[in-house]
Amino acid sequence: MAEHESLEFGKADFVLLDNVSLEEFMANLKLRFEKGRIYTYIGEVVVSVNPYRAMNIYGRDTIEQYKGRELYERPPHLFAIADAAYKAMKRRNKDTCIVISGESGAGKTEASKYIMQYIAAITNPSQRAEVERVKNMLLKSNCVLEAFGNAKTNRNDNSSRFGKYMDINFDFKGDPIGGHINNYLLEKSRVIFQQEGERSFHSFYQLVKGAPDAQLRSLHIQRDPTAYTYIKVGGQIKIVFSILQSSINDSADFKAVTDAMKVIGFTTEEIQTVYKILATILHLGNLKFGSDGDVTLIENSKLVSVLGDLLSTKDENVEKALLYRTVATGRDVIDKQHTHQEASYGRDALAKAIYERLFCWIVGRINDIIEVKNYDARVHGKNTVIGVLDIYGFEIFQNNSFEQFCINYCNEKLQQLFIQLVLKQEQEEYEREGIPWKHIDYFNNQIIVDLVEQQHKGIFAVLDEACMNVGKVTDEMFLQALNGKLAKHAHYTSRKLSPTDKNLEFDRDFRIRHYAGNVAYSVVGFIDKNKDTLFQDFKRLLYNSSNPVLKAMWPEGKLSITEVTKRPLTAATLFKNSMISLVENLARKEPYYVRCIKPNDVKSPLLFEHERCKHQVEYLGLLENVRVRRAGFANRQLYPRFLQRYKMISEFTWPNHDLPSDKEAVKRLLQGCGFEHDVAYGKTKVFIRTPRTIFSLEEQRAEMVKRIVLFLQKVWRGTLARKRYRRMRAAHIIIRAYRRYKVKSYIREVNRRFKNVRGMKDHGKHVKWPTPPKVLRKFEDALRNIYNRWWAWTLIKDLSPEQLVQIRAKVATLECLKGQRADLGLQRAWEGNYLVSKKDSPGTASSFTLVSSDLQRKDKFMRVLFSCNVRKINRFNKAEDRALLITDRHLYKMDPVKQYKPMKSIPLYNVTGVSISPGKDQLVVFHTKDNRDLIVCLQGMVPAGDSRIGELVGTLLSHFKR
């Protein structure tokens, strides 16, 4: 059963319909078409409805979904059938074939392309160059054959006007290594005539519209299709071209076809000859014959030289072949002139014959290139085949002639084979599995096949007999012969046999009751088309061409005029023989079927014409196919596959069973569901009788799948969480170990670098610190501080107390004023009490000493911090010389003129701050609590340039800190 499609899209397999009736079949087909589901199964047959729009269901992603899967595991698709055929060929080493059938416009050609595309996509995984080359040539051959064998009809813009059967050869690994194409009954009458609104073969329009100007000039062709009689007879060609612009691009197609021919392996000369032949046919159509008394003439004789140039032969030989027929009577050879009618007939016959021979040559040339070469089964293993048959479907036109008769006979043969093979497959499967076979009644169309092909009595035999009679034989005489021989046949009638049937014309029409419906055929042209006469003069003309490619197409032209030959086989006999051969070939292979249906005649993606589709369903025998499939058991599956799909339904089979075999497990599962009366057990498969059982199993499975999914989600989420935890924990352990390692490494490195620091001259000041890990940056700062303190201690440990005081003062100055002043006086020794020194005050030092001693006794200070001559500036900007004495208790302003008499005493605890200027003036402001600030400039230094501001500030800071 097809997976992932709910019942809102209808039944994915017609076998699963509740009631097998035409009404239910059509309702399901319509529902699926309207829901965009263009494919539906009948067991292993795909029913395809042409969607008339591009659908995004053929890409690489879709190919991967169907690769290696069973039919019922995915929704219905062409790829499923292609994969089934490929698997049967590769796994079981069996030749298979895919038969694509349906009427014109139903999508057969597109279906064959998609099947080829799928096979190309899934093969050659190792990308071998030779296999890729073969695949490319097989795909490109489609492009060439469509150009020369397809045409625009009123039903289809790209209608195949020939039947095609392609064998693709595979090696033992399943890779394509070559192929072979058979073509059947090209509709060559289309070369000279098309019904209104239709076109001739694409190749003519591609040449006229797409060829370069230089090439057209060499072929004497104008870029105007209306200039050529043969390709403008299908109605208003300009209107047709405007309508086709959206679907056919002749100019682009010309380049694509030419490129494809080069890829396949056609030489430049061969490609040029192909286009010369097309041009020849176009010019032949413009030849006009006239009469001068009893003499037939060519009115536009200039075309004769054009034809001679294109055919690489003499002009006079062309003209003679067109106007005369060479007849041998005993030993005498005479030239018999054509009548106007005979000349026109000969011209048209030549055009048709040349095109048919060209088409067959192209097919043969492709076969020469793609056929398997140098393959030895003993060395390379057996080579297997997949055949793809894309052949015209049943046709019923307003006027049905010889071509439609042959086509419908072909479909009778294929329908007979289809029913026989389906029944045969069913019967063989039942016998293989040990299930009793029940006889199935079906319409056996062997009686219609015999009506057409039976020796001496069939329509083909009567037609051949009429063609062999001496004298003038007409189509009416052929119809009379049919009436005489087939008067009592249940499936044949004519107006003479049914005088009251006014739908048939006297002496013109006969009707056959085909399996697909009644078809009336007009006998007009049957005799001529069956004889397929081409004067020997034309064959000799083309054989004697100096163009080797053209010459090789007409080997029979080498026969001399007087040489007696066997009567050639008629068109009907050739076609009958090819059909018998085709059917025998297909019967030897395992067949797969694609049945194509055309939903409407207006190419609309929305319209589903009920009666139109119903007629196709009837003549394709689809309902009969469903009945055959449903006659015994609607569904059958291998035990392992069945268990794999439904084992979650039963506790005995979930998650795995412990029963003796899969067959026993399936029995236990179905008994638990209560379906044991609706099934049969084969050797390898379980057979289920009614669709209801399948639907019930699917419903139970869908319910269990939800619960299983929830359970799996729970388990999986738990697994993910545990996995995430383990990873986080491992990461944490790793990080911790790494940090520990980095810390130890750093400490060891610091220890190594500073190990002998005590013995160094600078006590390790030059040693570079290692870069710490991030986690130790603060530790490094602390370590550096410890080192710096130790380093400083080593410097100051041997200093005297006086030197230590001075050092502390200098450090305080540096911390406070670094970067504020240029000269802080750090390089010299600080004396502090400069007024005692004879350098600053050589004559008054003794006076200052006496005064300071009196003040020490009076104010009880311990020591002098700083003394210096200053210049005081009062609030009136008046400057006077003074002396400054700072002790550990007071700040004294003295008058040096009056023997250093103290003028002002400020307790140090009243001093709130000191301000200095950044210049060289050595200005100092002492701020006090009573806002009576003292402003002085240090002066009288010896030497004169000494800066004592730093010393003053450092001494005060050091004192206050201590």
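About the criteria used
- Residues numbered from 1 in each chain as written.
- Predicted model: local features only at pLDDT ≥ 70, side-chain atom pairs only at ≥ 80, totals over all residues.
- Heavy atoms only, no water.
- Helix = DSSP H or I, 4+ residues; strand = E, 2+ residues; numbered from the N terminus.
- Rg over C-alpha atoms; globule rule 2.2 N^0.38 Å.
- Buried < 20%, exposed > 50% of the residue type's maximum accessible area, 1.4 Å probe, protein only.
- Lys, Arg positive; Asp, Glu negative; His and termini not counted.
- Charge placed at Lys NZ, Arg CZ, Asp CG, Glu CD.
- Contact = heavy atoms within 4.5 Å.
- Patch = residues over 30% accessible without salt bridge, like charges linked within 9 Å, V, L, I, M, F, W, Y side chains within 5 Å.
- Areas by Shrake-Rupley, 256 points an atom, 1.4 Å probe, with all protein chains shown as cover.
- Salt bridge = Lys/Arg side-chain N within 4 Å of Asp/Glu carboxyl O.
- 1 Å grid on protein atoms, 1.4 Å probe; cavity = no way out; pocket = protein on both sides within 12 Å on 5 of 7 lines; lining within 4 Å.
- Points joined across faces, edges and corners; volume = space filled by probe spheres on them.
- Nonpolar A, V, L, I, M, F, W, Y, C, P; charged D, E, K, R; others polar.
- UniProt positions renumbered as here; feature names shortened; annotations may be inferred.
- pLDDT = per-residue confidence, 0-100.
- Pairing = 2+ DSSP bridges.
- Axes fitted to C-alpha atoms, helices over the stretch in contact; angles between N-to-C directions.
- Phe/Tyr/Trp six-rings, centres within 6.5 Å; stacked < 30°, edge-to-face > 60°.
- Lys NZ or Arg CZ within 6 Å of the ring centre and 35° of its normal.
- Core = buried A, V, L, I, M, F, W, Y, C linked by side-chain atoms within 4.5 Å.
- Expected span 1.5 Å × (residues − 1).
- Parallel < 35°, antiparallel > 145°, perpendicular 65-115°, else oblique.

Undergrad: Hey, could you go over the overall build of the protein chain for me, with residue numbers and the actual values?
TA: Broken down by element type, the protein chain carries 32 helices and 26 strands. On C-alpha atoms alone, the protein chain measures out to a radius of gyration of 55 Å, which is more than a quarter above the 30 Å that the 2.2 N^0.38 rule sets for 962 residues. By residue count, 51% of the 962 residues in the protein chain fall in the buried class. Mean positive and mean negative side-chain charge positions of the protein chain (152 and 111 charges, respectively) differ by 14 Å.

Undergrad: An account of the environment of Phe506 is needed here, citing residue identities and associated values.
TA: Structurally, Phe506 can be placed in the loop between strand E13 (492-494) and strand E14 (509-514). Sequence separation between Phe506 and Asp475 is 31 residues, and the spatial gap between their C-alpha atoms is 12 Å.

Undergrad: Provide a residue-level description of the side chain of Ser545, including the pertinent values.
TA: Along the polypeptide, Ser545 turns up in the loop between helix H21 (536-543) and helix H22 (548-553). In contact with Ser545, other than residues within four places in its own chain, are Leu311, Ser312, Leu550 and Lys551.

Undergrad: Quick one: what's the story with a negative patch on the surface, residue by residue and with numbers?
TA: On the surface, Asp309, Asp315, Glu316 and Glu319 cluster together into a negatively charged patch. The leading source of residues in the negative patch is helix H13 (residues 315-323), at three residues. Note on placement: Asp315 falls in helix H13. Take Asp315: its relative accessible area is 32%, and that puts it in the partly exposed class.

Undergrad: Report on empty space enclosed by the protein, specifying residues and quantitative values.
TA: Taken as a whole, this structure holds eight cavities of 30 Å³ or more when the rule is applied. Lining the largest cavity are Val99, Ser101, Asn411, Leu414, Gln415, Leu417, Phe418, Tyr515, Leu586, Tyr593, Arg595 and Leu620. Taken together, the elements giving at least two residues each to the lining of the largest cavity come down to strand E3 (96-101), helix H16 (402-433) and strand E16 (590-597). Here the element with the most residues in the lining of the largest cavity is H16; it accounts for five residues. Residue classes in the lining of the largest cavity are distributed as eight nonpolar, three polar and one charged.

Undergrad: Give a detailed account of the UniProt feature "domain: TH1" (unreviewed entry) in the protein chain, specifying residues and quantitative values.
TA: UniProt annotation of "domain: TH1" (unreviewed entry) refers to residues 819-962 when read in the numbering used here. Annotated as 19% helix and 34% strand, the span residues 819-962 places its first and last C-alpha atoms 25 Å apart.

Undergrad: Quick rundown of the confidence of the model for the protein chain? Include the residues and the values.
TA: Looking at the protein chain as a whole, its pLDDT mean stands at 84, while 94% of the residues score no less than 70. Within the model, pLDDT remains below 50 along residues 236-246, and this stretch shows 16 contacts once partners closer than five positions in the same chain are excluded.

Undergrad: Give me the sheet that holds E16: which residues, what numbers.
TA: Spatially, the seven strands line up as an open sheet ordered E1-E2-E16-E3-E12-E6-E7, and their pairing is mixed. Every interior strand has two partners, whereas the edge strands, strand E1 (39-42) and strand E7 (176-184), have only one. Within this sheet the neighbouring strands show an average axis-to-axis angle of 20°, counted without direction. Judged from the five bridges that link them, strand E2 (residues 45-49) and E16 form a sheet pairing that is parallel. Directly across from Val47, in E16, lies its bridge partner Arg595. Each of E1, E2 and E16 is contacted by helix H25 (residues 622-630), which is oriented at about 45° to E1, the strand it contacts most.

Undergrad: Give me the lowdown on the pairing of strand E9 (residues 295-298), citing residues and values where you can.
TA: Only one face of E9 is buried, namely the one carrying Thr296 and Ile298, since none of Val295 and Leu297 on the opposite face is buried. Pairing analysis gives four bridges linking strand E8 (residues 289-292) to E9, with the strands arranged antiparallel. Bridge pairing in E9 places Asp292 opposite Val295. Taking the residues between adjacent antiparallel strands as the criterion, E8 and E9 are bridged by two residues, where Gly293 takes a positive phi near 70°.

Undergrad: Lay out unusual backbone geometry with the relevant residues and their values.
TA: Although it is not a glycine, Leu185 adopts a positive phi angle of roughly 45°. With respect to the helices and strands, the residue Leu185 is situated in the loop between E7 and helix H6 (202-210). Positive phi values are uncommon outside glycine, yet His220 reaches one of about 60°. As for its position among the elements, His220 is in the loop between helix H7 (213-218) and helix H8 (229-232). Take His220: its relative accessible area is 37%, and that puts it in the partly exposed class.

Undergrad: I'd like a rundown of the side chain of His514, residues and numbers included.
TA: Of note, His514 is situated in strand E14. Overall, the relative accessible area of 5% leaves His514 in the buried class. With residues near it in sequence (within four places) discarded, His514 still touches Phe394, Asn408, Glu412, Ile448, Val519 and Tyr521.

Undergrad: A description of the packing of aromatic side chains should follow, citing residues and the corresponding values.
TA: The relation between two aromatic rings is expressed through the spacing of the ring centres and the mutual angle of the planes. Under the counting rule described, the total for this entry stands at 30 aromatic pairs. With a centroid separation of 5.7 Å and 45° between ring planes, the pair formed by Phe33 and Phe608 is classed as tilted. Here the residue Phe33 occupies a position in helix H1 (residues 22-34), and Phe608 occupies one in the loop between E16 and helix H24 (610-619), the gap between them amounting to 575 residues. Consider the rings of Phe510 and Phe526, whose centres lie 6.1 Å apart with planes at 80°: the pair is edge-to-face. Here the residue Phe510 occupies a position in strand E14, and Phe526 occupies one in helix H20 (residues 526-531), the gap between them amounting to 16 residues. By relative accessible area, which is 0% here, Phe510 ends up buried. What makes Phe526 buried here is its relative accessible area of 0%. By the ring-pair criterion, three or more aromatic residues cluster together here, those being Phe402, Phe405, Tyr409, Phe460, Phe478, Tyr492, Phe510, Tyr521, Phe526 and Phe575. Sitting over the ring of Phe9, Arg37 keeps its end group 3.7 Å from the ring centre.

Undergrad: Can you lay out the nonpolar core for me, pointing to particular residues and giving the numbers?
TA: Counting 113 residues, the largest nonpolar core has Phe148, Phe204, Tyr355 and Leu358 as its most contacted members. Element by element, the count of residues in this core is highest for helix H14 (residues 340-370), at 15 residues. Excluding its chain neighbours within four sequence positions, the residues that come into contact with Phe204 are Val191, Ile231, Leu278, Ile281, Leu282 and Tyr355. Counting residues in each nonpolar core, the second largest holds 75 residues, with Phe25, Leu423, Phe478 and Tyr521 among its members.

Undergrad: Would you mind going over the sheet that holds strand E24 (residues 911-916) in detail, with residue names and values included?
TA: If you walk across this open sheet you meet the seven strands as E23-E22-E21-E20-E26-E25-E24, and the pairing is antiparallel. Every interior strand has two partners, whereas the edge strands, strand E23 (901-907) and E24, have only one. In this sheet, neighbouring strand axes are inclined to one another by 35° on average, regardless of whether the strands run parallel or antiparallel. Across five bridges, E24 lies against strand E25 (residues 923-928) in antiparallel orientation. Bridging across to E25, Val911 finds its partner in Thr928.

Undergrad: Residue-level account of helix H11 (residues 268-285), with values.
TA: Between its first and last C-alpha atoms H11 spans 26 Å; for 18 residues at 1.5 Å apiece the expected length is 26 Å, and the two agree. The element H11 is extensively covered by neighbouring structure, given that 14 of its 18 residues are classed as buried.

Undergrad: How would you sum up the packing of H6 against helix H10 (residues 250-264)? Please name residues and give values.
TA: Where H6 contacts H10, the axes come no closer than 8 Å and their chain directions differ by 100°. As summarised for this structure, H6 and H10 are arranged roughly perpendicular, according to the angle between their axes. Along its contact with H6, which presents Tyr205, Gln206, Leu207, Lys209 and Gly210, the element H10 presents Asp250, Ser251, Asp253, Phe254 and Val257.

Undergrad: Let's hear about the layout of surface pockets: which residues, and what values?
TA: For the second largest pocket, the calculated volume is near 1,300 Å³. Considering the residues around the second largest pocket, the lining is formed by 45 residues, among which Glu44, Arg92, Glu590, Tyr592 and Lys685 are closest to the centre. Looking at the lining of the second largest pocket, the elements that each hand over two or more residues are E1, helix H3 (78-91), H16, E16, H25 and strand E17 (635-638). When residues of the lining of the second largest pocket are assigned to their parent elements, the largest contribution, nine residues, is made by H16. In terms of residue class, the lining of the second largest pocket is made up of 18 nonpolar, six polar and 21 charged.

Undergrad: I'd like a rundown of the pattern of salt bridges, residues and numbers included.
TA: Tallying each qualifying case throughout the model produces 37 salt bridges. The partner of Asp250 in a salt bridge is Arg199, with the nearest N and O atoms 3.1 Å apart. Here the residue Asp250 occupies a position in helix H10, and Arg199 occupies one in the loop between E7 and H6, the gap between them amounting to 51 residues. One exposure class covers both Asp250 and Arg199, and it is buried.

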